[in-house]
Structure formats: structure tokens, C-alpha cells
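Descriptive analysis of the structure
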Amino acid sequence: MAVRITDECIDCSACEVECPNDAIYSAGEPWELDGEEHAAISDEHTYIAPDRCTECVGFHDEPQCIPVCPSEAIEKDPDHEETQEELQAKKAKLDEILGR
Ligand code: SF4
Ligand code: SF4
């Protein structure tokens, strides 16, 4: 499943640089994929675009954003449950779209 950021976030940006999929956006910033812009998922705090989050599958064994968060504000997102296979397929689709 994708991970999400809770209200505990203090907008320190530490997680943003860790994400191999550029899935983490600042509050109010539109997220983008395949040339399409989408409305911000949160205007209150830094957020994760689930369509870009593979839980780091394809890059690392564990999500990289969770351990760097000083507020323990990042958790598994029960609204976006995905199997390992689905996450691998998402990573492959992102590879294609992002040309990597
Ligand atoms: S789990 Fe990985 S892919 Fe998902 S937001 Fe965190 S760093 Fe990015
Ligand atoms: S590392 Fe944690 S507190 Fe900092 S921006 Fe990310 S979610 Fe928010």
C-alpha cells in the first residue's frame, strides 16, 4: 500500500529528498503525473500522492520516508492497500512515464 502523512507533520521537508518517486509534495502544491496536474491532496501539510508512491518497491526494501520523519507523521495508508505485485506494476508504469 502507499503511505500517507498525518497531521503530526511539521513540514520539515526531510522526507521529500528521500523519495525515489518524487511522490511527496508541499502543502497546497498540485501533484503531477504524465503531464497532468492534479489538485493538492492537502492544503494543511506536506502530503504524498498515492499514484506515485510504490512504498519504495523497486528501489529499497523499506519505505525511505518513514524513518527520517522527526514527527513520526508517516504511516501505511489503509485507503490504498496494494499487493507487492501491484506495487511492482506501479513502479514499472512510473518507469515508463518518467522515462527512467
Ligand atoms: S514510501 Fe517511498 S515511494 Fe512512497 S512516499 Fe515514501 S519514499 Fe516515496
Ligand atoms: S519528514 Fe515528517 S515532518 Fe518532515 S515534512 Fe515529511 S512528514 Fe512532515
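Just above, that's the structure.
Being a predicted model, the structure only gives us computed values, none of them experimental.

Next up on the list: the site of ligand 1. All residues in the neighbourhood of ligand 1 are listed as Val3, Cys19, Pro20, Asn21, Ile24, Ile48, Cys53, Thr54, Glu55, Cys56, Pro63 and Cys65. Residue classes in the shell around ligand 1 are distributed as 9 nonpolar, 2 polar and 1 charged.

Here we take up the side chain of Lys91. Inspection of the secondary structure puts Lys91 in helix H2 (residues 84-98). Judged by relative accessible area, Lys91 falls into the buried class, the value being 17%. Setting aside anything within four residues of it in sequence, one finds Lys91 in contact with Thr54, Val57, Gly58, Phe59 and Arg100.

Moving on to the site of ligand 2. Near ligand 2 lie 13 residues; those nearest to it are Cys9, Cys12, Ser13, Cys15 and Cys69. Taken together, the residues that form the shell around ligand 2 break down as 9 nonpolar, 3 polar and 1 charged.

This brings us to the side chain of Arg52. With respect to the element layout, Arg52 can be found in the loop between strand E5 (47-48) and helix H1 (65-68). Within the local environment of Arg52, its side chain forms a polar contact with the backbone oxygen of Glu32, the two atoms lying 2.5 Å apart.

For the structure on display, the rule yields 1 aromatic pair. When the centroid spacing of 5.7 Å and the interplanar angle of 20° are considered together, the rings of Tyr25 and Tyr47 count as stacked. Of the two residues, Tyr25 sits in strand E2 (residues 24-25) while Tyr47 sits in strand E5, which places them 22 residues apart along the sequence. As far as the burial class goes, Tyr25 and Tyr47 line up, both buried. The ring of Phe59 has Lys91 lying over it, and the distance from NZ or CZ to the ring centre is 4.8 Å.

Ranked by size, the top nonpolar core spans 14 residues in total, and within it Ile5, Ile24, Ile48 and Ile74 carry the most contacts. Grouped together as the second largest cluster of nonpolar side chains are 6 residues, Tyr25, Trp31, Tyr47 and Ala49 included.

Rules and cut-offs
Residues numbered from 1 in each chain as written. Chains lettered and ligands numbered in written order. Predicted model: local features only at pLDDT ≥ 70, side-chain atom pairs only at ≥ 80, totals over all residues. Heavy atoms only, no water. Near = heavy atom within 4 Å. Nonpolar A, V, L, I, M, F, W, Y, C, P; charged D, E, K, R; others polar. Helix = DSSP H or I, 4+ residues; strand = E, 2+ residues; numbered from the N terminus. Buried < 20%, exposed > 50% of the residue type's maximum accessible area, 1.4 Å probe, protein only. Contact = heavy atoms within 4.5 Å. Polar contact = N/O pair within 3.5 Å; in protein donor to acceptor, adjacent residues only side chain to side chain. Phe/Tyr/Trp six-rings, centres within 6.5 Å; stacked < 30°, edge-to-face > 60°. Lys NZ or Arg CZ within 6 Å of the ring centre and 35° of its normal. Core = buried A, V, L, I, M, F, W, Y, C linked by side-chain atoms within 4.5 Å.

No statement about biological role is implied by the geometric values presented.
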